[in-house]
Amino acid sequence: MLIRLRAREWLVLIEAVKLAEEIKPSQHAKRIVFKKYGVLGSAYDRLLTAIFYDLMKRQGIIDKVLSRIVNVTSPYILDPWLRAALRVTIELLVFRKKRIKHIDIGRVKNEVASYLSEKTHPYVGMFYWRVFNKLLDFKYKPESEIEKLELKFLLPSWFIRKMQSLLGEYEAKRLFEALNRCPPISIRVNRLKASVNEVIEELKREGKNVKVSLVVPTVLKFKGPYDFDKSRLYREGKFVIQEEAAALASIILNPQPNEIVVDMCAAPGGKTIHMAELMNNKGVIYAFDIDKLRVKRMRELIKRTGVSIVKIYLEDARDAPNILGENIADKVMLDAPCSSDGTMAKNPELRWRIHEEKVEELVRLQYELLVAAIRLVKRGGRILYCTCSMFKEEDEGIIERILKAYPNVKIVPLEKPYSPGFIQGTMRAWPHKHHTIGFFYALLEKR
């Protein structure tokens, strides 16, 4: 089936790809641009969404083509508008050539070139115009076996090798396939404002085929797309966007009414408000984060969901013991900053943004945060250390170091509902096994 695209759709994609470099996650950038141009809910929504996500998945390979065609060492040397335009053009002319029909390819070229000239400089438009002609007959051919695997799985070579070493080739292949499947939308019902049945019935009236999670009964899954801005349930805070594996974290920590809880890396607040719900909005949650934009979103979420027990600190969570005092918390949630590779299926651009050397920096931060969590928690209190990373360095590696350094900290064994981790008592959710994001859990107790 041939799909017709006009110049207007090219420009929408270019702006979305450009904004995705500035706003994370990429689907948030896409929603902003699609809403601006009236694409959300239109006949073009599903098509342009599919193209956008495929481009994000293929971005590293697209950048190789871009570098070869333009003869630069890195696409990041180029003007960001030109980079976005060339990425969209390569996706459509090189990788989707047989499936996309353009109403007037000459008009597309001229309109995109004019658009770039207005956005930046006439020379940029002229440069794009010349490169466009080179791409009309370009064919990408992998130059090595690992490049063939990159093209097959749309993943960087270092990640392929790392997962093959961790899981073996067969299971790694299943993981790679899962990371390239389009996941359903996952939401969690806010029981402070609604019942699960109420939300299910409303979604059914909207034409959605809803499945209830067998792991977290308040998590519902359904096929996208979905316009959250137009959803009454979402605007009224009756549900929040949250993955099953992420929702399970708060349940594992099990905060109780009237307890003192610290959420160390809290924004944008999904786990914060879930814990408040589990606490029946009684007690106190001290929520720390240093990202102003994400904290702003957390404040909006807290207001929308009717949560009243959260005190926000725009501070580095490593300083939390100095701010709040030591041995003060009944429970500590540490959903640590991580490489987030477990979320690649829902955030496809991540696969090309993660770099091995960055993992080492994250490991240092994760260890320091967990040391601060130990200082915060009371004797007999519990800490949940979790990440949405699948790398051992960020997961079991951190726990091993902590257990050696702090003999008074022990693992509280987790046996279900997911798979055992690589240390006894820890647990992992895998995309290819459990149909959710990749996630690691270690429940610790200070004795």
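Each residue is numbered by its place in its chain's sequence as written, counting from 1. Local features are withheld for residues below a pLDDT of 70 in this predicted model, meaning they are given only at 70 or higher, and side-chain atom pairs are given and counted only at 80 or more; totals for whole chains, interfaces and linings count all residues. Excluding hydrogens and water, the side-chain values take into account all heavy atoms of the structure.

Undergrad: Please give an account of the overall build of the protein chain that cites residues and values.
TA: Put simply, DSSP marks the helices as runs of H or I at least four residues long and the strands as runs of E at least two long, and each gets a number from the N terminus on. Check the secondary structure of the protein chain and you find 19 helices and 15 strands. Against the globule reference of 22 Å for 447 residues, the protein chain gives a C-alpha radius of gyration of 23 Å, in line with a compact fold. Taken along the three principal axes of its C-alpha coordinates, the protein chain extends 70 × 50 × 40 Å. Relative accessible area decides the class of each residue, using a 1.4 Å probe on protein chains only: under 20% of the type maximum gives buried, over 50% gives exposed, and in between gives partly exposed. Within the span of the protein chain, comprising 447 residues, buried residues form 57% of the whole. Accessible surface computed for the protein chain: about 20,100 Å², of which carbon and sulfur atoms make up 51%. Charge centroids of the protein chain, computed over 78 positive and 55 negative side chains, lie 4 Å from each other. Each radius of gyration reported is based on C-alpha atoms, and the globular scaling rule is 2.2 Å times the count of residues to the power 0.38. In short, Shrake-Rupley with a 1.4 Å probe defines the accessible areas, and a residue's cover is counted only from the protein chains shown. In this tally, Lys and Arg are treated as positive and Asp and Glu as negative; His is ignored, and so are the chain termini. To locate a charge, take NZ of a lysine, CZ of an arginine, CG of an aspartate or CD of a glutamate.

Undergrad: So, the packing of helix 1 (residues 7-20) against helix 2 (residues 26-36): which residues are in play, and what are the values?
TA: Axis separation between helix 1 and helix 2 bottoms out at 8 Å; the angle between their running directions is 145°. Seen from above, helix 1 lies across helix 2 with right-handed handedness. In contact with V12, E15, A16, L19 and A20 of helix 1, helix 2 contributes S26, A29, K30, I32, V33, F34 and K36. Axis definition: a line fit to C-alpha positions, over the contact stretch in the case of helices; interaxial angles, taken between N-to-C directions, run 0 to 180 degrees. Definitions for this section: a left-handed crossing has its near helix turned counterclockwise from the far helix by less than a right angle. A right-handed crossing has that turn clockwise. Contacts are assigned to residue pairs with any non-hydrogen atoms lying within 4.5 Å of each other.

Undergrad: Can you explain a positive patch on the surface? Please cite residues and give values.
TA: Think of a patch as exposed residues, more than 30% relative accessible area, with no salt bridge, where like charges cluster within 9 Å and nonpolar side chains (Val, Leu, Ile, Met, Phe, Trp, Tyr) cluster within 5 Å. Each salt bridge in this description consists of a side-chain nitrogen of Lys or Arg and a carboxyl oxygen of Asp or Glu lying within 4 Å of one another. A cluster of like positive charges, contributed by K97, K98, K139 and K141, occupies part of the molecular surface. Mapped onto the secondary structure, K97 falls in the loop between helix 4 (80-95) and strand 2 (100-102). Under the relative-accessibility criterion, K97 is labelled partly exposed at 45%.

Undergrad: How would you sum up the nonpolar core? Please name residues and give values.
TA: Here is a general trend for soluble globular proteins: nonpolar side chains tend to be buried in one another's company. In these notes, a set of buried Ala, Val, Leu, Ile, Met, Phe, Trp, Tyr and Cys residues joined through side-chain atoms within 4.5 Å is what counts as a nonpolar core. W10, I14, V112, L116 and Y128 are the most contacted members of the largest nonpolar core, which has 56 residues in total. Every element with two or more residues in this core is listed here: helix 1, helix 2, helix 3 (45-70), helix 4, helix 5 (105-119) and helix 6 (122-135). Element by element, the count of residues in this core is highest for helix 3, at 12 residues. Apart from residues lying up to four places away in sequence, I14 is in contact with W81, A84, A85, V88, V112 and Y115. By size, the runner-up hydrophobic cluster in this structure holds 51 residues, among which are M344, I354, A372 and L376.

Undergrad: Which residues make up the pattern of salt bridges, and what are the values?
TA: Going through the model one piece at a time under the given rule, you end up with 41 salt bridges. With a shortest N-O distance of 2.7 Å, E15 and K36 are connected by a salt bridge. Of the two residues, E15 sits in helix 1 while K36 sits in helix 2, which places them 21 residues apart along the sequence. In this structure K36 comes out as exposed when scored by relative accessible area, which is 54%. The salt bridge involving E445 is made with R382; its shortest N-O contact spans 2.9 Å. Placement of the pair is E445 in strand 15 (residues 439-446) and R382 in strand 11 (residues 377-387), with a sequence separation of 63 residues. Using a relative accessible area of 16% as the deciding quantity, one classes E445 as buried. Judged by relative accessible area, R382 falls into the partly exposed class, the value being 29%.

Undergrad: Pulling in residues and values, what's your account of the packing of helix 1 against helix 3?
TA: For the pair helix 1 and helix 3, interaxial distance at closest approach is 11 Å and the crossing angle is 45°. Relative to helix 3, helix 1 is oriented oblique. Considering how the two elements wind past one another, helix 1 and helix 3 form a crossing that is right-handed. In this structure, helix 1 uses E9, V12, L13, A16, V17 and A20 to contact helix 3, whose residues at the interface are L48, I51, F52, L55 and M56. Just so you know the grouping, Ala, Val, Leu, Ile, Met, Phe, Trp, Tyr, Cys and Pro go in nonpolar, Asp, Glu, Lys and Arg go in charged, and all remaining residues, Gly too, go in polar. Class assignment for the residues of the contact of helix 1 with helix 3 results in 10 nonpolar, no polar and one charged. When describing relative orientation, an angle under 35 degrees is termed roughly parallel and one over 145 degrees roughly antiparallel, while 65 to 115 degrees is termed roughly perpendicular and anything else oblique.

Undergrad: Can you explain the sheet that holds strand 4 (residues 211-212)? Please cite residues and give values.
TA: The four strands lie next to each other as 4-5-3-6, forming an open sheet whose pairing is antiparallel. Where the open sheet ends on each side, the last strands, each with one partner, are strand 4 and strand 6 (239-241). Helix 13 (residues 270-278) contacts strand 3 (185-189) and strand 6 of the sheet and is inclined by roughly 30° relative to strand 3. Strand pairing is defined by DSSP finding a minimum of two bridges between the two strands.

Undergrad: I'd love a proper account of the packing of aromatic side chains, names of residues and values included.
TA: To describe a pair of aromatic rings, one takes the distance between the centres and the angle between the planes. Classification of ring pairs rests on two measures: the distance between centres of Phe, Tyr or Trp rings, Trp counted by its six-membered ring, which must be within 6.5 Å, and the angle between planes, read as stacked under 30 degrees, edge-to-face over 60 and tilted in between. All told, the structure shown has 20 aromatic pairs when counted by the stated rule. Ring plane angle 90° and centroid distance 6.1 Å describe the contact between W158 and F159, whose orientation is recorded as edge-to-face. Among the aromatic residues, those joined into a ring-pair cluster are F153, W158, F159, F176 and F391. In this scheme, Lys NZ or Arg CZ marks a charge over a ring once it lies within 6 Å of the ring centre and within 35 degrees of the ring normal. Cation over ring: K162 sits above F391, and NZ or CZ is 5.3 Å from the ring centre. When the ring centre of F422 is taken as origin, the NZ or CZ atom of K392, which lies over that ring, is 5.1 Å away.

Undergrad: How would you summarise helix 8 (residues 157-167) if you had to cite specific residues and measurements?
TA: For helix 8, the complete set of buried residues consists of S157, W158, F159, I160, M163 and L167. Residues of helix 8 that are buried make contact with helix 7 (145-153), helix 9 (169-179) and helix 17 (356-376). The positive-phi residue at the C-terminal boundary of helix 8 is G168, with phi of around 90°.

Undergrad: Outline helix 4, listing residues and values.
TA: The span one expects for a helix is its residue count, reduced by one, times 1.5 Å. With 16 residues, helix 4 extends 21 Å between its outermost C-alpha atoms, agreeing within 8% with the 22 Å of an ideal straight helix rising 1.5 Å per residue. Burial within helix 4 is extensive, with 15 of its 16 residues counted as buried. Between a side-chain oxygen at the N-terminus of helix 4 and the backbone nitrogen of W81 the separation is 2.8 Å; the capping residue is D79. Under this definition, polar contacts are N or O atom pairs within 3.5 Å; protein pairs additionally need one hydrogen-donor-capable and one acceptor-capable atom, and for neighbouring residues in sequence, both atoms have to be side-chain atoms.

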